[in-house]
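Here are the chains, one letter per residue:
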Amino acid sequence: MRSGPQRRLAGRFQSGDNRAMRLPSLLRFRHLVLTLTSIALLTGCATDLVQRADALAAPAGLQREQVQGGPFLLTAYVHARPNAPLLRVYLEGDGRAWITRNQVSPDPTPHTAMGLRLAASDGGDVVYLARPCQFTPMARNPACQPAYWSGLRYSPEVVSAMDEALSHYVTRLQPARLELVGYSGGGALAVLLAARRKDVSAIRTVAGNLDHVAVNRWHAVSQMPGSLNAIDVASRVAGIPQRHVSGADDTVVPTAITRSYVDRVGRCAALTIVPDMAHESDWDRAWPSLLALPLPCTAQRP
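Residues numbered from 1 in each chain as written. Predicted model: local features only at pLDDT ≥ 70, side-chain atom pairs only at ≥ 80, totals over all residues. Heavy atoms only, no water.

> Explain the overall build of the chain to me, and be specific about the residues and the numbers.
On a plain count of helices and strands, the chain comes out with seven helices and eight strands. Sequence-distant contacts, at least 24 apart, represent 74% of the contacts inside the chain between residues at least 6 apart. Carbon and sulfur atoms make up 56% of the accessible area of the chain, which totals about 14700 Å². (Helix = DSSP H or I, 4+ residues; strand = E, 2+ residues; numbered from the N terminus. Contact = heavy atoms within 4.5 Å. Areas by Shrake-Rupley, 256 points an atom, 1.4 Å probe, with all protein chains shown as cover.)

Shown next as structure tokens:
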């Protein structure tokens, strides 16, 4: 028979054993709470970014729409008349593709949306196309996987998806001329799309990633073998008038890389270097003036 102290000591061990048995369940519960909290925060953040984009687009008369592009439901903003003399289609950058150097983002929706800012500052007939999985709820985009905003961001399936969405608006609006404008990674897609189409009259890029192999080498990060590279199709777009704008202080896509693409294209491509501008500077403020610069090979029209 145990004494009182022995019973109390045994009770402590028994209580401790029960706590140990309950610990895995407690950890699983805490993990579930943290997971649900993270999902709620991401959902709330995505909702805030869409509302912010709506507020940015509204003064320019841009209306949010959704359009199917391959397996993706893409978000677009549109302010364009049917049969306009010129339609500019703006392609967004890579967005928030990575949280850190080694951790891919769960949602690539851009916080700044410079491509949309450029479209809003245009003043003409414009369509803005977000990249796959940006701004559109993930629940409506079951095809969305992190690979499509990391290693496959310029893959053939992404280019085909953007091309399908672009064709939707060209068919609907029937513009006399079509220009593509891409910011950052959207610049790569502008070139890749123009290389497969026959209706692109001009290409413009701002801080465009026109050679992702050189850019990734510059940053000493992994290459993207599943992605197409804009500089590889330079000869196929050599006859299309182009102007590529680079910031003198851009350390994300250095001017030297943009210049190598322009040199590869030849006489119909021009490079404009803007002093004191970095990759994420306020390009939308300078954009109306940059749009007024003439395109090479088309002296008679801006």
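> Give a description of the state of the cysteines that names residues and reports values.
Per the counting criterion, the structure on display carries two disulfides. Here C133 is linked by a disulfide to C144, with a sulfur-sulfur distance of 2.0 Å. Between C133 and C144 the disulfide shows an S-S torsion of about -105°. By sign, it is left-handed. Of the two residues, C133 sits in the loop between strand 4 (126–129) and helix 3 (156–173) while C144 sits in the loop between strand 4 and helix 3, which places them eleven residues apart along the sequence. Look at C144 and you get buried, because its relative accessible area is 10%. The residue that forms a disulfide with C268 is C297, at a sulfur-sulfur distance of 2.0 Å. Disulfide C268-C297: torsion about the S-S bond near -95°, hence left-handed. With C268 in the loop between helix 6 (255–265) and strand 8 (269–274) and C297 in the segment after helix 7 (283–291), the pair connects residues that are 29 residues apart, well separated along the chain. (Disulfide = S-S within 2.5 Å. Buried < 20%, exposed > 50% of the residue type's maximum accessible area, 1.4 Å probe, protein only.)

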